[in-house]
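Observations on the model geometry
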Amino acid sequence: MSERLDACEMELEAHRAYIKAMEYALRALVLTHPASVRLSETWQRLLPSIAAKHRDSGGDLFAAAFQQSLAVLTEQIGEHGPGDQAATA
């Protein structure tokens, strides 16, 4: 049982690292997007259907983490345009 738990922990840590790397890549794409207003408008249009599609995809922990992630992405996409130095903080 202990070996299985260790394997699960290692797998979760690997997934966490992958997601963190993707987060930085996404941030770079948002910061350098040439049409930041269109990006923000498109995200705002897609957001309700994204949230609805995954509303019942998992338990309470999934729902809370997913909601928090969408909120952070929405803030980052709508907050800064290309070249905005505040976005790098």
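Residues numbered from 1 in each chain as written. Predicted model: local features only at pLDDT ≥ 70, side-chain atom pairs only at ≥ 80, totals over all residues. Heavy atoms only, no water.

A look at the nonpolar core
Using the following cut-off: Here, the term nonpolar core denotes a set of buried Ala, Val, Leu, Ile, Met, Phe, Trp, Tyr and Cys residues that are joined through side-chain atoms within 4.5 Å. Three exposure classes are used, based on accessible area relative to the maximum for each residue type with a 1.4 Å probe and protein chains only: buried under 20%, partly exposed in between, and exposed over 50%. The contact criterion used is simple: two residues touch if any of their non-hydrogen atoms lie within 4.5 Å.
Among the nonpolar cores identified, the biggest contains five residues, and these are Val30, Trp43, Leu47, Leu70 and Ile77. Apart from the residues within four sequence positions on either side, Val30 is in contact with Leu39, Gln76 and Ile77.

Thoughts on the environment of Ala51
The test is simple: Each helix corresponds to a stretch of at least 4 residues labelled H or I by DSSP, and each strand to a stretch of at least 2 residues labelled E; elements are numbered beginning at the N terminus.
Within the element layout of this structure, Ala51 appears in helix α2 (residues 36-53). Residue Ala51 is classed as partly exposed on the basis of its relative accessible area of 29%. Remark: the alpha-carbon pair of Ala51 and Gln67, spanning 16 residues in sequence, is separated by 7.7 Å. Other than its neighbours up to four places away in sequence, Ala51 contacts Phe66 and Leu70.

Looking at the confidence of the model for the protein
Segments scoring low in pLDDT should not have their predicted coordinates read at a detailed level. Selection criterion: pLDDT measures the predictor's confidence residue by residue and takes values from 0 up to 100.
Within the protein, residue pLDDT values average 85, and 88% of them lie at 70 or more. Per-element averaging of pLDDT across the protein places helix α3 (residues 60-79) at the bottom with 87 and helix α1 (residues 2-32) at the top with 92. In this model residues 82-89 is a low-confidence stretch, pLDDT under 50, and it forms nine contacts with partners more than four residues away in sequence or in other chains.

With respect to the pattern of salt bridges
This is how it is decided: A carboxyl oxygen of Asp or Glu within 4 Å of a side-chain nitrogen of Lys or Arg is what we treat as a salt bridge.
Tallied over the full model, the rule gives two salt bridges. One salt bridge in this structure joins Glu13 and Arg16, with 3.0 Å as the shortest N-O distance. Of the two residues, Glu13 and Arg16 are both situated in helix α1; the distance of three residues between them amounts to about one turn of the helix. According to the relative accessible area criterion, Glu13 is partly exposed, its value standing at 45%. A relative accessible area of 55% places Arg16 in the exposed class. For the salt bridge of Glu23 with Lys20, the shortest nitrogen-to-oxygen distance reads 3.4 Å. Pair noted here: Glu23 and Lys20 are both in helix α1, with a separation of three residues, about one helical turn. A residue is classified by how much of its surface remains accessible, and Lys20, at 38% relative accessible area, is partly exposed.

Considerations on the environment of Ala63
Within the secondary structure, Ala63 is located in helix α3. Here the alpha-carbon distance between Ala63 and Ala51, two residues 12 residues apart in the chain, equals 9.5 Å.

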